[in-house]
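Structural overview
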Amino acid sequence: MEIQLTFGQHPDQPEHEQEGDVATATGKPKLQPPSRYQVVMLNDDYTPMDFVVEVLESFFMLNRERATQIMLKVHTDGRAVCGVYSRDIAETKAAQVNDYARECQHPLLCQIEREA
Ligand code: TYC
């Protein structure tokens, strides 16, 4: 955004005499809404299906039916979106899932991707 300061350039015009300095915004503000990030879960050959369903239920607040659908989509397509969040929340969720899976000695992985 460009700010234009006008310092009483027209002292001879009576309407400016009392006003002091005036800040005027010119042009369109170039503000964008913050990007959203998908948490994407990846398939592997070793993580048990019931462990994946448990992770989807507890980290993404999904019910059993929805968690099972997403787990099966990952299993068949190789990947699926578990949820969409602000960047901080998406990073935190992906890290929590990856850390928990590692603690439990499963290779399950999530990554984040910025939405187009
Ligand atoms: N492919 C795994 C299996 O056959 C199950 C699985 C599903 C693993 C989803 C990871 O994100 C995943 N046991």
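Residues numbered from 1 in each chain as written. Predicted model: local features only at pLDDT ≥ 70, side-chain atom pairs only at ≥ 80, totals over all residues. Heavy atoms only, no water.

Moving on to the site of the ligand. The ligand sits among M41, L42, N43, D44, T47, M49, V52, M71, V74, H75 and L108. One of the backbone N or O atoms of D44 is found 2.7 Å from a nitrogen atom in the ligand. At 2.9 Å, a backbone N or O of T47 approaches a nitrogen atom of the ligand. Across the complex, the protein chains shield 89% of the 340 Å² of accessible surface that the ligand would expose by itself. (Near = heavy atom within 4 Å. Polar contact = N/O pair within 3.5 Å; in protein donor to acceptor, adjacent residues only side chain to side chain. Areas by Shrake-Rupley, 256 points an atom, 1.4 Å probe, with all protein chains shown as cover.)

Below, the discussion takes up unusual backbone geometry. Positive phi values are uncommon outside glycine, yet M61 reaches one of about 55°. Mapped onto the elements, M61 comes out in the loop between α2 (49–60) and α3 (64–77). Judged by its relative accessible area of 68%, M61 is exposed. Here the phi dihedral of Q105 falls at roughly 60°; this positive angle occurs in a residue that is not glycine. (Helix = DSSP H or I, 4+ residues; strand = E, 2+ residues; numbered from the N terminus. Buried < 20%, exposed > 50% of the residue type's maximum accessible area, 1.4 Å probe, protein only.)

Overall, antiparallel pairing links the three strands, which are arranged β4-β3-β5 in an open sheet. Each having just a single partner strand, β4 (79–85) and β5 (109–114) make up the two edges of the open sheet. Neighbour to neighbour, the strand axes of the sheet diverge by 30° on average, direction disregarded. Relative to β5, strand β3 (residues 37–42) is paired through six bridges, and the arrangement is antiparallel. Looking at β5, one finds that Y37 is bridged to R114. Its contacts with the sheet place α3 against β3 and β4, and it is angled at close to 135° to β4. (Pairing = 2+ DSSP bridges. Axes fitted to C-alpha atoms, helices over the stretch in contact; angles between N-to-C directions. Contact = heavy atoms within 4.5 Å.)

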